[in-house]
Each structure stands twice: as structure tokens, then as C-alpha cells.
Amino acid sequence: MAQIAYGVGTSHGPLLNLPPAEWEVRANFDRAQIDLALRDGTYTYEELHKHRGGPHFAKFTTLDERTARHTRCQQGLDQLGDKLLAADPDIMVVVGDDQHEWFMEDKQPSFSVFCGDEIQNLTLTEEEREHKIKIGRGSDMYSYRPLADQAYPVAKDLSLHIHQQAVEDEFDVAACMKQPTDADGSIRSVGHAIGFIYRRLLRDKPVPVVPVLLNTFYPPNQPTPKRCYEFGKSIGRAIRSWKSDARIAAVASGGISHFVVDEEWDHKMLGAFKNGDVETLINEPNIMFRSGSSETKNWICVAGILEGSGLKMDLLDYVPCYRTDAGTGSGMAFATWS
Ligand SMILES: [Fe+2]
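Remember, it's a predicted structure, so these values are computed and weren't measured experimentally.

Draft legend 1. The overall build of the chain, seen in detail. Helix and strand counts for the chain stand at 11 helices and 13 strands. A compact globule built from 338 residues would reach a C-alpha radius of gyration of about 20 Å, and the chain, at 19 Å, matches this within 12%. The dimensions of the chain, computed from C-alpha atoms along their principal axes, are 55 × 45 × 40 Å. Residue pairs in contact within the chain that sit at least 24 positions apart in sequence constitute 86% of those at least 6 positions apart.

Draft legend 2. Looking closely at the pairing of strand β4 (residues 91–97). Of all 7 residues making up β4, 7 are buried, and the element is well covered by its neighbours. With burial as the criterion, each face of β4 is covered, one bearing Ile-91, Val-93, Val-95 and Asp-97 and the other bearing Met-92, Val-94 and Gly-96. Note: β4 against strand β10 (residues 247–253), 5 bridges, orientation parallel. When the sheet's bridge partners are listed, Val-93 is paired in β10 with Ala-250. Two strands pair when backbone bridges link them, and β4 and strand β9 (residues 209–214) are joined in this way by 6 bridges, in the parallel orientation.

Draft legend 3. Representation of the environment of Thr-61 within the structure. Note that Thr-61 resides in the loop between α3 (55–58) and α4 (63–87). Along the chain, Thr-61 and Gly-329 lie 268 residues apart, while their C-alpha atoms are 9.8 Å from each other. Residue contacts for Thr-61: discarding those within four places in its chain leaves Arg-66, Tyr-322, Arg-323, Thr-324 and Asp-325.

Draft legend 4. Highlighting the environment of Arg-137. Within the secondary structure, Arg-137 sits in the loop between α5 (126–134) and β7 (150–153). Here Arg-137 is in contact with Pro-14 and Lys-132, once residues within four sequence places are set aside.

Draft legend 5. Layout of the nonpolar core. Core analysis: the biggest nonpolar cluster contains 89 residues, and Val-93, Val-210 and Val-251 have the highest contact counts within it. The element contributing the most residues to this core is helix α11 (residues 296–306), with 7 residues. Those residues in contact with Val-210, other than ones at most four positions away along the chain, are Ile-91, Val-93, Val-113, Val-154, Ala-155, Leu-158, Ser-159 and Ile-162.

Draft legend 6. Representation of the pairing of strand β6 (residues 118–121). Here β6 shows a clear split, with Ile-119 and Asn-121 buried on one side and none of Glu-118 and Gln-120 buried on the other. In this structure, β6 lies alongside β7, joined through 4 bridges in antiparallel fashion. For Glu-118, the partnering residue across the bridge sits in β7 and is Pro-153.

Draft legend 7. Region of the structure containing the packing of helix α8 (residues 225–241) against α11. Two elements in contact, α8 and α11, have axes separated by 6 Å at closest approach and are oriented at 40°. Classed by the angle they form, the pair α8 and α11 counts as oblique. For the pair α8 and α11, the crossing hand works out as right-handed. Residues Pro-225, Cys-228, Tyr-229, Glu-230, Phe-231, Gly-232, Lys-233, Ile-235 and Gly-236 of α8 pack against Lys-297, Ile-300, Cys-301, Val-302, Ala-303, Gly-304, Ile-305 and Leu-306 of α11.

What counts, and where the lines are drawn
Residues numbered from 1 in each chain as written. Predicted model: local features only at pLDDT ≥ 70, side-chain atom pairs only at ≥ 80, totals over all residues. Helix = DSSP H or I, 4+ residues; strand = E, 2+ residues; numbered from the N terminus. Rg over C-alpha atoms; globule rule 2.2 N^0.38 Å. Contact = placed C-beta atoms within 7 Å. Buried ≥ 20, exposed ≤ 12 C-beta atoms within 10 Å, placed from the backbone. Pairing = 2+ DSSP bridges. Core = buried A, V, L, I, M, F, W, Y, C linked by C-beta atoms within 7 Å. Axes fitted to C-alpha atoms, helices over the stretch in contact; angles between N-to-C directions. Parallel < 35°, antiparallel > 145°, perpendicular 65-115°, else oblique. Left-handed = near helix turned anticlockwise from the far one by under 90°.

This is the structure we're talking about:
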């Protein structure tokens, strides 16, 4: 039977891939926001600044401090990539979220498993590049999308087996048998959550993958943390009953708190992952998982996959990266389970 041999959790936010001097463009983007989510409230930038801004965060947003934190993140990512490559899994189950990359407003499944033969990660079109630059992104996008089109193999037999197990476990999970296309028939590139793992961690090594996408971001059908954990357990059951001697890595892509950094919450969540404190993970109110922070559910799903595997979490680093003195930015975490 297949073996759950390794686990990875990584943040994947844009600040990881933007030089610190360019964080200001993202900061300006935040200053124009009217719905910055922090715990159970949403704030305009001015409200957020009044609520908790000031000298406390200002000292973290100097270029020197940003640079030091960015450097630590690069070290964390380099280490994580080295460790994942050294673990040399036969297959990765990557749990990510879709942010209107494959699934649009016309249909957005809570859970989906991709069961096609391969996934295509396409280089940016000129139009996409121009749009990204306009919203303060640019060269960082190549940490998600390749310089030339790439295809990565899918472990289709395991995808189908995971899907079958999910059905037996009474999950109504979407089966994505083909990569979604636009109205003109052109393929939609694989999303940032999967692309980041290949580009930044695996350096494009084509390890076969089972892509699992949760809708963490968009109302009204985001699954609860408990449901994400249970779904992970179902995936774990599928792996353990799959007739193969393959060694599988489970990879969580995204999180922790963003785009308002909440260090206290990040420590609470990371502590619960480290200690295998399932009660804390599944009982965290759904409202706490909004905007980018919702991606922490990808980690909760992976914690469910890893239940009973005996693997223990090692937190390589946690780096709160601030880009404004209202405390916006990203809480970055890099972890392995071995
Ligand atoms: Fe994301």
C-alpha cells in the first residue's frame, strides 16, 4: 500500500517574490482597500490604521527591516525546496485554493480533485503581464508561472482513487477530468497555489501530482475547517488503501494570516499544527478564515491527510512581513512533517 512519507506547508504570497523596495506598490494597493479582514471584522485602511496602527508596525516597515524579513523567507523557501527534493516523493498531493484561475463565478466547487493526465502551467500572456504590473505585481509572477509553457504529470490513478474514497466518505466532490478552458477554447493555466510549488520549491522538477483545490476564498460555499480536516482524513484513507508502493508527500500551499497580519492567530494555528491539536484546528470559527487567511484551511486539510502517519511538524521559520504601518502584509510560515 502507498505510504504517506512527508509533509510540507508553505506560504506563497506575493511579498515572497517581490523585492522589498517594491512592497510599496502593494502597500499602496492596501491603502485603497475598504474591506481588509481582521478576525471577525472588516475595515477600510483608515479604520484599520486607527484600530491598531502606529509606531508598533511602523518600525517593521523600514526598508532594512523588510529586507531582513524577506531574506529570512528566501532562506525558509530554499530550505523547504531542498528538503522536499531530498525526501524525493514519488507523488505529491498538493492542497491549494483556486482564486478565479480555473473556477469562475459561474461555478466554484467547495472541493475538487483534478483527475486528468497532466496540468499545464502557461507562461504569462502580454495582457496578463500588463494587468499584473498594474496591480503591483510583475516579475514575482514568475514564481508561479514559468518563462515558457510547462506540463507537469498528474498521478491520475491516485487522483481517481482519492475521488472514489471521497464519494464513499459522502463528500460531494467535483471531479475535474480536464483542465478548464475559456470560451475561446484556450486552456486556463494551473493556478498560483500549484504553480508556486513547482516553480519555487521544486524548481520545475516534474514530480507527479494530485491537485486538490478547496474554495477557501469566495462566499457562499467555503467549507468549514472541520470539513476541510475531514476531507483530508478521507484523502489519507485513500492513500493508505491505494495498491502501490509509492511514497507520497502531502503539500499545503498558502496562508497564514494575510492581508492583515495577525501574529497571535498565526502562532495559535502553527502551535496547533505542531502539537497535532485537532480540536483547536476544527473548532476555530469559520469567520476567522477570510481573505488570504482562508488559505490556512489548506494546511488543515493536509493535517487531516497526515493524521495517523506518525510524521511530526518542524516549523523552519515564521516571518511576519509588514508592508504598511496599519499592519497589512503577510504572515509567512514554512514547515515540514517528517
Ligand atoms: Fe494564494
